[in-house]
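# Working through the structure, step by step
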Amino acid sequence: MANRRAVPGIHPYDGPAGGWGALKATAIAVRTQMDTLEAPVTLMRTNQPDGFDCPGCAWPDKEHRSTFQFCENGAKAVTWEATSKRVTAEFLAQNTVTSLLQKTDYELEGYGRLTTPLRYDAGTDTLRPLEWDEAFQRIGAVLQTLQPDQVEFYTSGRASNEAAYLFQLFAREYGTNNFPDCSNMCHEPTSVGLPQSIGIGKGTVSLDDFDSTELVISIGHNPGTNHPRMMGTLHELARKNVPIIVFNPLRERALERFTDPQSVIEMATYSSTNIASTYYQVKAGGDAAALKGIAKALLALDALQGDALDHAFIAEHTAGFPAFADDLAATPWEAIEKECGLTRQDLEQVAVAYAKSKATIVTYGMGITQHNKGTANVRLIADLLLMRGNIGKPGAGICPLRGHSNVQGNRTVGITEKPSADFLAKLEAVFGFAPPKGHGHDAVKTMQAMIDGASKALICLGGNFAVALPDPEQSFPAMKALDLSVHIGTKLNRSHLLVAKETLILPCLGRTELDLQASGRQSVTVEDSMSMVHASSGKLKPASDLLRSEPAIVAGMAKATLPNSKVPWDELIEDYDVIRDLIEKTIPGFDDYNARIRQPGGFRMPLPPTERQWPTATGKAMFSVFTGLHENEIVAGDDVLRLITLRSHDQYNTTIYALDDRYRGVFGRRDVLFMNDVDLQRLGLEHGDVVDLATALPGSSQRLEGITVIAYNISAGSVGAYYPEANVLVPLHYIDEESGTPSYKSVPIRVTLRSKEVLKVKIA
Ligand SMILES: Nc1nc2c(c(=O)[nH]1)N[C@H]1C(S)=C(S)[C@@H](COP(=O)(O)OP(=O)(O)OC[C@H]3O[C@@H](n4cnc5c(=O)[nH]c(N)nc54)[C@H](O)[C@@H]3O)O[C@H]1N2
Ligand SMILES: Nc1nc2c(c(=O)[nH]1)N[C@H]1C(S)=C(S)[C@@H](COP(=O)(O)OP(=O)(O)OC[C@H]3O[C@@H](n4cnc5c(=O)[nH]c(N)nc54)[C@H](O)[C@@H]3O)O[C@H]1N2
Ligand SMILES: [Mo]
């Protein structure tokens, strides 16, 4: 570390995560975004019984009635939505779409909330206001000229159960199962892998399980930034000396040390708590090897002492164990060590700790799923847990950390391109139209169909589709080639501006805002990471009088498109209880839906594995065999590095709040590549050099130029850069074949020197 040259905006951060820095960051967020009189009241309503659900993350809240939990990034999510900034018609008249496309995502976000329905006018190259009815009529007119399978219905996981259910109802009555959604870029490996292993594509733990767990293994997620309320739980466990074993290529500060802003003592004394008991810097994409190593060591331990496996559980509840064990026996330690970058001894130590714990939870995020073998990775985690009967008992289980706050609920209420026959039959019985049976497009397939010209229209319920997906060089022109794009959103983003022949932007209410319909104040419902469904209702005055709720907008489009619709759209919008009654009639698990969301904390969706019921094809929990170890064997070579694309502390997916990444020591800029010292030396590079990156896959010419490489504590062979800027390097078809999820966390790249001169950047 000594004698490194100075690089603008790069200052190692030595403190713990959380603490006073987090309070200060919140104060800044409030000051820059909101009317300061209103802000404290709004923040206090987050996750309260009568308030709104925090749009920041999907981590549950105890009964939704805890005293307000301070959370820096939750506060940012709320203040950015409740901002007092507005995109006005005057502003849009003065700024052409071409000029707005020159702005950064950060600048676009900074213009604030959308206030009126907009339509692109090619003559003036501007977005112009129009009436709601006119907007719906235009959408209906275009959709009536297209074949249903030429239309794509995208959902970003913020949408409520009610909005998402109506969206799928509209699309299915119209005649397609084309449902690309953000989950296809996120936890699809969980949704595809876990049903094969345990019979349901959801996590099995509840918040209470963390009270009695004896060991947490945390793999590939960064809770200090992305699941900030989870830090309270981890902090509590660490203080009780429950071991927390971390696998992550980067040293993430919040997983090392955390000061709980709720703790008066820690705040007053500037002290902190160590979070990880052991921190293993696995290679990017090396988790499968590490997990196999732990499982192999556990088998060896069991051979010695006889009690490292739960033999009774394996015999009674599982199938496939012999094949799983045979494969482990056939997997050599040298190969495991090479692939994960950890030693046999490391992994044996984890096995010993694991064998000692009577109840273990494994938590995981994008570090596991966004890989070529994402689904197989998820199944290996389930295997490890099954070996010791760690599913379906208190204090134990699998805990995928979901992304968007209601992404899990969206899937539950029918946002899927592969609907079950049962569900379609129920829709038909209840509504009297025949929904399409063939499978539709997921996110990557949608983009490919757009590139090929087969898909002509894209309707987006939130999100920033083109920016979230890989390879903008292909996806941006494909957006512009569409006949129609429609975006229901709160803030202007780049996908909105990649205008098609016809483009409409429909501004909606956010979670924090009052939703008044004919029967009065409405609430919506969401399902968190732990399958708890609860109500959310905003109270703030809407950002503009012209905003409509997401359900109302979907109903408006549906009525204009389907004049003979069998769905009573108007009744549904008058009172969302009626939507919930229909959800109850068509989807299992929602019995007494309206009554149960009126109870504090809501209710839990059925999770058969928690009772050791396994709705798999065999009726047993299934072990899997992860063939090989390698994430990808297409490209090898000493000069090829694996690129992880990740989130900074100051962003929410494609929404960039600010240009800092405090805990990683990056300030005022995002054009950096994190690299290990060993790799820097090996490649003849120096901290601060400007480099070019090229995707190292056969036939790819994808490049990202002029990035500053910085020395960072990241596992050798792995490098990191920010999403979405680095998406130019991710090929569209570099995916996990089982789930269709892009391998955003393991892109093979080559790095070449551009200039030894340190870039002069103006730090904002
Ligand atoms: N504030 C904020 N909150 C968010 C979001 C946000 O952008 N901002 N996004 C939301 C969404 S949609 C999602 S999906 C979640 C995302 O939450 P995370 O899953 O935490 O997402 P990432 O930032 O992409 O980071 C993944 C972590 O995995 C590590 N990692 C990368 N590759 C590997 C690997 O091969 N193996 C292992 N073991 N680790 C690896 C990275 O170093 C990083 O710490 O957060 C949600 N919450
Ligand atoms: N390279 C790389 N790419 C990735 C990832 C990665 O780790 N690396 N992560 C992937 C993951 S996990 C995900 S989930 C996707 C995210 O993909 P998306 O969900 O498509 O993207 P977001 O950035 O969350 O969408 C932000 C937009 O949503 C709109 N919005 C915000 N709130 C609301 C609301 O209440 N209602 C409506 N209707 N609209 C609203 C705003 O207009 C805002 O601009 O990106 C994926 N892309
Ligand atoms: Mo996500």
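In the nomenclature of an unreviewed UniProt entry, the protein is known as Formate dehydrogenase H of Serratia ficaria. Within the UniProt record for the protein, the comment given under Sequence similarities (unreviewed entry) is "Belongs to the prokaryotic molybdopterin-containing oxidoreductase family."

### With respect to the site of ligand 2
Taken together, 30 residues lie near ligand 2, and Tyr154, Glu550, Thr654, Tyr723 and Asn727 sit nearest. Separating an oxygen atom of ligand 2 from a side-chain N or O atom of Gln370 is a distance of 3.1 Å. Within the contact set of ligand 2, an oxygen atom lies 3.0 Å away from a side-chain nitrogen or oxygen of Lys745. Here ligand 2, which alone exposes 930 Å², has 96% of that area covered by the protein.

### A few points about the nonpolar core
Core analysis: the biggest nonpolar cluster contains 62 residues, and Leu143, Tyr165, Leu506 and Met557 have the highest contact counts within it. Contacts of Met557, omitting those with residues within four sequence positions, involve Phe136, Ile139, Phe167, Phe170, Ile459, Val486, Ile488 and Leu506. Leu347, Leu384, Ile398 and Phe623 belong to the second largest nonpolar core, which has 57 residues in total.

### Concerning the packing of aromatic side chains
The tally for this structure, following the rule as stated, stands at 21 aromatic pairs. Relative to Phe179, the ring of Phe153 lies with its centre 6.4 Å away and its plane at 45°, an arrangement referred to as tilted. Linking Phe153 in strand E6 (residues 151-155) with Phe179 in the loop between helix H8 (161-174) and helix H9 (188-198), this pair joins segments that are 26 residues apart in sequence. The same class applies to Phe153 and to Phe179, which are both buried. The ring of Tyr354 carries Arg388 above its face, with NZ or CZ at 5.7 Å from the centroid.

### Here we look at the site of ligand 1
Of all residues adjacent to ligand 1, which total 32 residues, the nearest are Glu252, Gly285, Asp287, Gln651 and Asn653. Thr225 places a polar main-chain atom, nitrogen or oxygen, 3.1 Å from a nitrogen atom of ligand 1. Between ligand 1 and Lys745 there is a distance of 2.7 Å, counted from an oxygen atom to a side-chain nitrogen or oxygen. In the complex, 99% of the free accessible area of ligand 1, which totals 920 Å², lies under the protein chains. Put simply, the parts of the chain that give the shell around ligand 1 at least two residues each are helix H11 (223-226), helix H20 (366-369), strand E24 (641-646) and strand E25 (651-652). Partitioning the shell around ligand 1 into residue classes produces eleven nonpolar, 17 polar and four charged.

### Some details on the sheet that holds strand E30 (residues 718-722)
With mixed pairing, the six strands of this closed barrel are ordered in space as E24-E30-E27-E29-E28-E31. Between one strand and the next, the sheet's axes are offset by a mean angle of 45°, whatever the strand orientation. Two strands pair when backbone bridges link them, and E24 and E30 are joined in this way by five bridges, in the parallel orientation. Across the sheet, Leu646 pairs through a bridge with Tyr722, a residue of E30.

### Comments concerning unusual backbone geometry
The peptide bond linking Tyr723 to Pro724 adopts the cis configuration, its omega dihedral lying at 0°. Within the fold, Pro724 resides in the loop between E30 and strand E31 (747-755). A positive phi angle, close to 55°, is found at Asp125, a residue other than glycine. Mapping Asp125 onto the fold places it in the loop between strand E4 (118-121) and strand E5 (126-129). Of the residues examined, Asp125 reaches a relative accessible area of 16% and is grouped as buried. Despite not being glycine, Asn653 has its phi angle at roughly 50°, a positive value. Among the structural elements, Asn653 can be located in the loop between E25 and strand E26 (655-656).

### As for helix H30 (residues 576-586)
Residue pairs three or four apart in sequence face the same way in an α-helix, which turns once every 3.6 residues. Of all the residues in H30, the buried ones are Tyr576, Asp577, Ile579, Arg580, Leu582, Ile583 and Thr586. Where H30 begins, the side chain of Asp575 points an oxygen toward the backbone nitrogen of Asp577, at a separation of 2.9 Å.

### So, the pairing of strand E16 (residues 484-489)
Burial analysis of E16 places six of its six residues in the buried class, the great majority of the element. Here E16 shows no split at all, with Leu484, Val486 and Ile488 on one side and Ser485, His487 and Gly489 on the other all buried. Where strand E15 (residues 457-461) meets E16, five bridges bridge the pair, whose relative direction is parallel. For Cys460, the partnering residue across the bridge sits in E16 and is His487.

How each quantity is defined
Residues numbered from 1 in each chain as written. Chains lettered and ligands numbered in written order. Predicted model: local features only at pLDDT ≥ 70, side-chain atom pairs only at ≥ 80, totals over all residues. Heavy atoms only, no water. UniProt positions renumbered as here; feature names shortened; annotations may be inferred. Near = heavy atom within 4 Å. Polar contact = N/O pair within 3.5 Å; in protein donor to acceptor, adjacent residues only side chain to side chain. Areas by Shrake-Rupley, 256 points an atom, 1.4 Å probe, with all protein chains shown as cover. Core = buried A, V, L, I, M, F, W, Y, C linked by side-chain atoms within 4.5 Å. Buried < 20%, exposed > 50% of the residue type's maximum accessible area, 1.4 Å probe, protein only. Contact = heavy atoms within 4.5 Å. Phe/Tyr/Trp six-rings, centres within 6.5 Å; stacked < 30°, edge-to-face > 60°. Helix = DSSP H or I, 4+ residues; strand = E, 2+ residues; numbered from the N terminus. Lys NZ or Arg CZ within 6 Å of the ring centre and 35° of its normal. Nonpolar A, V, L, I, M, F, W, Y, C, P; charged D, E, K, R; others polar. Pairing = 2+ DSSP bridges. Axes fitted to C-alpha atoms, helices over the stretch in contact; angles between N-to-C directions.

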